[in-house]
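Structure assessment
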Amino acid sequence: PGTQETLTDLLCFGSSEVQSMLVAGPDLHVSSMSTVTRQSLCQLLDAPHPMGKDWCMLAVQMGLIDKVPKLDVGAGSYSQTARLLDEWANDSISTIGKLVTALHSLGREDAADILLSGCSLYRITGPEHEMCGQEDRRTGGQEDRRTDKTDR
């Protein structure tokens, strides 16, 4: 009694070393998004939107307007949204939080909700991982699930 535990105490067991490895979900690199979440976003944003709020407007919102012609090549064979996310992921500052902000600015609350509900609230990275939590796209980050505390 008399001592209150904080969320950090509970997550990090009071260890400043563990706390230094804690990365909030919005700060995770966009490549840490699960394959299922990515596919759901692609399904929503690839489809034509009555107000034009699709992958193309998202590209403009994200400052990638010059890449739109490259992203639109061969439409139908590969998701334009997936191409957009791949292109944007080349920038180390491309985070889940920035993507959520761009989707809100675009007025795509549906897509922002999919992203928020499908991504980690936080991740504890080990010394062998980069701060951005880059994952191996072939496995969808399955090998990193040991430290993903939001598995449902």
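How each quantity is defined
- Residues numbered from 1 in each chain as written.
- Predicted model: local features only at pLDDT ≥ 70, side-chain atom pairs only at ≥ 80, totals over all residues.
- Heavy atoms only, no water.
- Helix = DSSP H or I, 4+ residues; strand = E, 2+ residues; numbered from the N terminus.
- Buried < 20%, exposed > 50% of the residue type's maximum accessible area, 1.4 Å probe, protein only.
- Contact = heavy atoms within 4.5 Å.
- Salt bridge = Lys/Arg side-chain N within 4 Å of Asp/Glu carboxyl O.
- Axes fitted to C-alpha atoms, helices over the stretch in contact; angles between N-to-C directions.
- Parallel < 35°, antiparallel > 145°, perpendicular 65-115°, else oblique.
- Nonpolar A, V, L, I, M, F, W, Y, C, P; charged D, E, K, R; others polar.
- Polar contact = N/O pair within 3.5 Å; in protein donor to acceptor, adjacent residues only side chain to side chain.
- pLDDT = per-residue confidence, 0-100.

What to know about the overall build of the protein chain
When its secondary structure is counted, the protein chain shows eight helices and two strands. Secondary structure elements of the protein chain, listed N to C terminal, follow the sequence α-α-β-α-α-α-α-α-α-β. The 152 residues of the protein chain split such that 41% are buried. Within the protein chain, counting contacts between residues at least 6 apart in sequence, those at least 24 apart form 68% of the total.

Let's talk about the pattern of salt bridges
Applying the stated criterion to the full structure yields three salt bridges. The shortest N-O distance in the salt bridge between D86 and R38 comes to 2.6 Å. Of this pair, D86 sits in helix α6 (residues 80-89) while R38 sits in helix α3 (residues 35-46); the two residues are 48 residues apart in sequence, bridging distant segments of the chain. Put simply, R108 and D110 hold a salt bridge, and the shortest N to O gap is 2.9 Å. Judged by its relative accessible area of 4%, R108 is buried.

Re the packing of α3 against helix α8 (residues 109-118)
Interaxial distance between α3 and α8 falls to 9 Å at its minimum, and their mutual angle equals 175°. The angle between α3 and α8 falls in the class roughly antiparallel. Side by side, α3 and α8 meet where T37, S40, L41, L44 and L45 of the first sit next to D110, A111, I114, L115 and G118 of the second. Within the contact of α3 with α8, the residues separate by chemical class into six nonpolar, three polar and one charged.

Let's talk about the side chain of R38
Judged by relative accessible area, which is 10%, R38 ranks as buried. Among the polar contacts made by the side chain of R38, one reaches the side chain of D86 at a distance of 2.6 Å.

Some thoughts on the confidence of the model for the protein chain
Should the pLDDT be low somewhere, the predicted coordinates at that spot are not to be read in detail. For the protein chain, the mean per-residue pLDDT works out to 77, and 78% of the residues sit at or above 70. Confidence drops under a pLDDT of 50 for residues 129-152, and excluding neighbours within four residues, the segment shows 36 contacts in the predicted structure.

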